Amino acid sequence: MQTEDLCKLVDKIQHLHCEMQTIELKAANKGCPTRLYDTLSSFANQDEGGILLFGIDESKDFAVVGVYDAQDLQKKVTEQCNQMAPVVRALFTIAEIEGKIVVAAEIPGFDVSERPCFYRGTGRLRGAFIRVGDADEPMSEYEIYSYDAFRKRIRDDIREAPGARRSFFDEEKLEAFLQAVKKDCKHLALHVSDEDILELMGVTINGAPTLAGELCFSKYPQGVFPQLCVTAVALPGKEMGEPGQAGERFLDNQRITGTIEEMVAEAVDFVNRNSRHSTIIDDYGKRIDRDEYPLKAVREAVLNALVHRDYSIHSESVPVRIEIYRDRLEIISSGGLYGKLTIDSLGKVRPDTRNTALANILELLHITENRYSGIPTIYYELANAKMAPPKFSVRRGEFVVTFMSKIAAAHEIPQVKPLEVREASAPYGARAAQEELEPAIKEDASEQKLLEFCRQPRSRQEIIDFLGFSRYYAMSKIVQPLLNNRKLALTLPDKPKSSKQRYYTP
């Protein structure tokens, strides 16, 4: 920092009358503060670092009071910096303002691999702090662990799932996965047993299911991990706890369970069911249906939350949360950004992957691409819908994705000609909103196309690829009802889970 920059900073603080995320004020006109450790720690533990500014008295209307002795102050601040682990190297700048001496100590932000910075006198658990606004807050045990997890490359997704049993796996899905692995690496098919492949891929460990294996192949993962689910609520107001006109707290409330694939499909369905939809007639008389939130963007955000969340023992009791407010949609998951990734670099750089085995399994199951295209897809879908870009934020161990509602904004501040909207959007959260998207017609169309497609016997994968839906949705929501109604039939009715099974229209 140059002297001129320090003078400008003092002017800014006196104008704003406040401390900041990166600014801490100390009068220091009667001596050096003796407990700077908390602030040194919190500044060192954030990317942008921070500045300790000595010679400004907050209690005297942010007046310049000057420091008692600039030389001695620098010496004693340095002594406190040396008590930190790792040691903090402050950069000092001195300026004369209003005839008094002001001193700034710039504290650099440490690399993620060196955090947490803490005061040695109290140790890591009590001496590590984080900056929250203008305050220094003690780091939680989980926040400290998250740094260790990255530095030591702890792989929580392949830890053993206590109480899980291999016999509870969906064998049909497991067989499809093994075939995908063997196709991806033909050497494994020739020289490695199926059980060893499962060990190599992180599905099992010593024959027992891993957390990743449980979340991808178990018939009911929440039997072992009750809170590794999705809780979804649709709220009547703009804040949690704000009641609706009839005093209702929720418009809809659902606990979503199952494998990751099943949870993603059900979560997207919940958002669709509790969103508003509008119909626009363009200048050419063409009808255009618009969703409040693009479902492709919603799917990517939910999938990212489930794949990249923290799965350590510190957060396994916290579900992914979906909160639909009157003006926005929020998707919240445990664990901040992993490694050296920052909010500004999301979608622009190749990030470190927190759960590598889980991501790899889901790629082979064709549930995710694992090509870091999720964030760019979200940006694209929102832009294509002429909506505001997503908002990403990290708050005390949680990652939050926010989509702002264009329909809500249009209702509160009219932005279209009165005659442009020919059909009013449905009441917020009402199930009648689905009627405007005509899901029954769309599903009937998919069924009819599938029946034509299956005039020739087709495999499961051929059907899934043809429909363009997820495996879970295609098989459970479209194929199974057709089987139940005998509109589709099996080539091997006595072996419904056979890998050689084919589906045909009788």
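In the block above lies the structure referred to throughout.
Residues numbered from 1 in each chain as written. Predicted model: local features only at pLDDT ≥ 70, side-chain atom pairs only at ≥ 80, totals over all residues. Heavy atoms only, no water.

## With respect to the packing of aromatic side chains
Tallied over the entire structure, the rule returns 7 aromatic pairs. Judged by centre distance (5.4 Å) and plane angle (85°), the ring pair of Phe 150 and Tyr 338 falls under edge-to-face. With Phe 150 in helix α5 (residues 141-151) and Tyr 338 in the loop between β18 (328-334) and α12 (356-364), this residue pair connects regions lying 188 residues apart in the sequence. Of the two residues, Phe 150 and Tyr 338, neither departs from the other in class, the shared state being buried. Measuring from centroid to centroid gives 4.1 Å for Phe 453 and Phe 466, while their planes differ by 5°, and the two rings are stacked. With Phe 453 in helix α16 (residues 439-453) and Phe 466 in helix α17 (residues 460-467), the pair connects residues that are 13 residues apart, well separated along the chain. On the basis of relative accessibility, which here comes to 35%, the residue Phe 466 falls in the partly exposed class. An aromatic cluster is defined as three or more aromatic residues linked by ring pairs; in this entry it consists of Phe 169, Phe 177 and Phe 217. The cationic tip of Arg 153 hangs over the ring face of Phe 150; the distance from NZ or CZ to the ring centre is 4.3 Å. In this arrangement the basic side chain of Arg 458 is found over the ring face of Phe 453, its NZ or CZ atom lying 3.9 Å from the centre. (Phe/Tyr/Trp six-rings, centres within 6.5 Å; stacked < 30°, edge-to-face > 60°. Helix = DSSP H or I, 4+ residues; strand = E, 2+ residues; numbered from the N terminus. Buried < 20%, exposed > 50% of the residue type's maximum accessible area, 1.4 Å probe, protein only. Lys NZ or Arg CZ within 6 Å of the ring centre and 35° of its normal.)

## Overview of the pairing of strand β2 (residues 50-54)
The buried fraction of β2 amounts to 5 of the 5 residues, a majority that puts the element mostly inside the structure. As paired strands, strand β1 (residues 23-26) and β2 are joined by 4 bridges and run parallel to one another. In the sheet register, Lys 26 faces β2, and the bridge partner there is Phe 54. As paired elements, β2 and strand β7 (residues 100-107) share 5 bridges and run antiparallel to each other. By the bridge assignment for β7, Ile 51 is matched with Glu 106. (Pairing = 2+ DSSP bridges.)

## Things to note about the nonpolar core
In this structure, Phe 177, Ile 260, Ile 322 and Phe 403 are the most contacted members of the largest nonpolar core, which totals 64 residues. A per-element tally of this core places helix α11 (residues 295-308) first, with 8 residues. Not counting residues up to four positions away in its chain, the partners in contact with Ile 260 are Leu 215, Leu 303, Leu 306, Tyr 311, Leu 358 and Leu 362. One finds Leu 36, Cys 81, Ala 105 and Tyr 119 within the second-largest nonpolar core, a separate group that totals 22 residues. (Core = buried A, V, L, I, M, F, W, Y, C linked by side-chain atoms within 4.5 Å. Contact = heavy atoms within 4.5 Å.)

## Remarks on the pattern of salt bridges
Evaluation of the coordinates by the stated rule reveals 24 salt bridges. With a shortest N-O distance of 3.6 Å, Arg 321 and Glu 323 are connected by a salt bridge. Residues participating in the shared-partner salt-bridge network are Arg 321, Glu 323, Asp 327, Arg 328, Glu 330, Arg 395 and Glu 398. (Salt bridge = Lys/Arg side-chain N within 4 Å of Asp/Glu carboxyl O.)

## Thoughts on unusual backbone geometry
Geometrically, the link from Ala 85 to Pro 86 is a cis peptide bond, its omega value of -5° lying close to zero. For Pro 86, the position within the fold is in the loop between β5 (84-85) and β6 (91-97). Put simply, Arg 115 and Pro 116 share a cis peptide bond, and its omega is 0°. For Pro 116, the location among the structural elements is in the loop between β7 and β8 (118-119). The residue Asp 61 is not glycine, and still its phi comes out positive at about 60°. Relative accessible area serves as the criterion here: at 56%, Asp 61 is assigned to the exposed category.

In short, shape yes, function no, at least from these values alone.
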